[in-house]
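Structural characterization, general
Below, each chain spelled out in residue letters.
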Amino acid sequence: MKLSGDFHTHTTYTHGKSSIEENVKQAENLGLKAIAITEHCYNSMYAIKRGDLSKICDEIDDLKDKYSVKIYKGIEANLISRNGDIDIEDSELEKLDLVILGFHKMTRSTLAERLKFFLPNILFKKKSQKRIDINTNAYLKAMDKHRVSILAHLNYGGCKVDVERLAKSCIDKGIYIELNGKRINFSKSEIDTMVKLGVKFIINSDAHSKFAVGKNHRAFNLVEKYKIPLNQIANIDNKIPKFV
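The following refers to the structure shown. None of the values given here were measured: they were computed from a predicted structure.

Cut-offs and rules
Sequence order as written defines residue numbering, which begins from 1 separately in each chain. Since the coordinates come from a predicted model, pLDDT governs what is reported: local features require at least 70, and pairs of side-chain atoms require 80 or more to be given and counted, while whole-chain, interface and lining totals use all residues. No hydrogens and no water enter the side-chain calculation; it runs on all heavy atoms of the structure. We define a nonpolar core as any set of buried Ala, Val, Leu, Ile, Met, Phe, Trp, Tyr and Cys residues linked to one another through side-chain atoms lying within 4.5 Å. In this scheme, a residue with accessible area under 20% of its type's maximum is buried, one over 50% is exposed, and one in between is partly exposed, where area comes from a 1.4 Å probe on protein chains only. In this description, contact between two residues means that some pair of their heavy atoms is separated by no more than 4.5 Å. In this text, helices come from DSSP runs of H or I with a minimum length of four residues, and strands from runs of E with a minimum of two, each type numbered from the N-terminal end. Throughout, the arc means the angular range of directions from the helix axis out to the C-beta atoms. Think of a polar contact as two N or O atoms within 3.5 Å of one another; within protein, one of them needs to be a possible hydrogen donor and the other a possible acceptor, and neighboring residues in sequence only count if both atoms come from side chains. Strands are labelled as partners when DSSP assigns at least two bridges between them. We call a crossover right-handed when, viewed with the strands running away from us, the connection from the first strand over the helix to the second turns clockwise. Of the grid points, spaced at 1 Å and generated over the protein atoms alone, those admitting a 1.4 Å probe that cannot get out make up cavities, while open sets with protein on both sides within 12 Å along at least five of seven lines make up pockets; any residue with an atom within 4 Å of a point is treated as lining. Grid points are joined across faces, edges and corners, and a volume is the space filled by probe spheres set on the points. Each residue is assigned to one class: nonpolar for Ala, Val, Leu, Ile, Met, Phe, Trp, Tyr, Cys and Pro, charged for Asp, Glu, Lys and Arg, and polar for all the others, Gly among them. Under the pairing criterion, centres of Phe, Tyr and Trp rings, with the six-membered ring standing for Trp, must be within 6.5 Å; the plane angle then separates stacked pairs below 30 degrees from edge-to-face pairs above 60, leaving the rest tilted. What counts as a salt bridge is simple: a side-chain nitrogen of Lys or Arg found within 4 Å of a carboxyl oxygen of Asp or Glu.

A few words on the nonpolar core. Residues Tyr139 and Leu151 are the most contacted members of the largest nonpolar core, which totals 62 residues. In this view, Tyr139 contacts Leu79, Leu101, Gly102, Phe103, Leu151, Ala152, Leu154, Cys159, Val161 and Leu166; residues no more than four positions away in its chain are not counted. Within the second largest apolar cluster, 12 residues are counted, among which are Ala34, Tyr72, Ala152 and Ile202.

Structure below.
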């Protein structure tokens, strides 16, 4: 099992340690077929600045003829409300190849959402079924309202979800569920459920430096431990995912 593409990486445009070109060069040196640049979006603590997205896209265009590895333009958008709002306009998503959606604790939102969505997830370790339903519905609404390619690090930041409900929607919409290089928060039963449903997984590094590009020992170990079928992983052994 060998990674063929890494579709979640960060650069110095946010809080990464390496430039876009350094990430791309590392991907090529590793023999990857593809890499995506997916900076944190506007409401994150470590966010791109307004106007940076166009600069990132231009920089990627300038590098495309220099390297053989395919470079995808992406973003890591933040879930910012119970109503499925995200921190980027749909018109901006049109210029991108893929959109990652994730929940992050330190994300700017309205006072009401901070009090009723973010803080209950952050402060209370034990989640009621009502809270799980609120979190799950927020993702489902975002997936209905916006273009989403990948769900990143589900269950992270205290935002516990109903994995089965999200998995069914991901299958219907052609959305990948990420096995993240920095945080995997699935139980064995959740993995088993997703496998039985036929979810398509994607293994990403969430690299914040060029040295982490293409690296994800957590996911590789989990795949082996829980015997996830390799045909349900979209970016290994020369396969490249097709994003909605």
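Taken as a whole, helix α8 (residues 217-225) has its buried residues at Ala219, Leu222 and Val223. With its buried residues spanning 100° around the axis, α8 presents them on a single face. Summarising the geometry of α8, the exposed residues directed more than 90 degrees from the buried face are His217, Asn221, Glu224 and Lys225. For α8, the secondary structure elements touched by its buried residues are β6 (176-180), α7 (188-197) and β7 (201-204). Where α8 ends, the next residue or the one after it, Lys227, has phi of about 55°, a positive value.

Another aspect to go through is the environment of Asp6. If you trace the backbone, Asp6 turns up in strand β1 (residues 5-6). As for Asp6 and Ser91, which are separated by 85 residues in sequence, their C-alpha atoms are 25 Å apart. The contact partners of Asp6, leaving out residues within four places of it in the chain, are Leu32, Ala34, Ile35, Ala36, Asn204, Ser205, Ala212, Val213 and Gly214. Only 2.5 Å separates the side chain of Asp6 from the side chain of Ser205, close enough to count as a polar contact.

In terms of burial, β6 is a largely internal element, 5 of the 5 residues being buried. Residue alternation in β6 divides its side chains into two sets, Tyr176, Glu178 and Asn180 and Ile177 and Leu179, and both sets are buried. In terms of strand pairing, strand β5 (residues 150-151) meets β6 through 2 bridges, oriented parallel. Looking across to β6, one finds that Ile150 is bridged to Tyr176. The parallel pair β5 and β6, bridged by helix α6 (residues 163-173), forms a crossover whose chirality is right-handed. Pairing between β6 and β7: 4 bridges, direction parallel. Its bridge partner lying in β7, Ile177 is registered against Phe201. The parallel pair β6 and β7 is bridged by α7, and the resulting crossover is right-handed.

Phi is mostly negative for residues that are not glycine, and the peptide bonds are mostly trans. A positive phi is found at Asp206, a non-glycine position, where the angle reads about 55°. Relative to the assigned elements, Asp206 resides in the loop between β7 and α8. Phi at Asn238 is positive, roughly 75°, even though this residue is not glycine. The topology assignment puts Asn238 in the segment after α8. Take Asn238: its relative accessible area is 59%, and that puts it in the exposed class.

With that settled, the discussion passes to the layout of surface pockets. There is about 230 Å³ of room inside the largest pocket. As for the largest pocket, its lining consists of 17 residues, of which His15, His40, Tyr46, His104 and Tyr156 are closest to the centre. Its residues placed into classes, the lining of the largest pocket shows 4 nonpolar, 8 polar and 5 charged.

In this section: the packing of aromatic side chains. Applying the stated criterion to the full structure yields 7 aromatic pairs. On the basis of an interplanar angle of 65° and a centroid distance of 5.2 Å, the ring pair of Phe117 and Phe118 is categorised as edge-to-face. Overall, Phe117 belongs to the buried group, its relative accessible area being 0%. A relative accessible area of 0% places Phe118 in the buried class. An aromatic cluster is built from Phe7, Tyr72, Tyr176 and Phe243, whose rings are joined through pairwise contacts.

This next bit is on the pattern of salt bridges. Evaluation of the coordinates by the stated rule reveals 11 salt bridges. Lys73 is the salt-bridge partner of Asp61, the closest N and O atoms lying 2.9 Å from each other. With Asp61 in helix α2 (residues 52-63) and Lys73 in strand β3 (residues 70-78), this pair connects stretches of sequence that are 12 residues apart. When its relative accessible area of 35% is taken as the criterion, Asp61 is described as partly exposed.

By themselves, these observations are geometric and do not establish any function.
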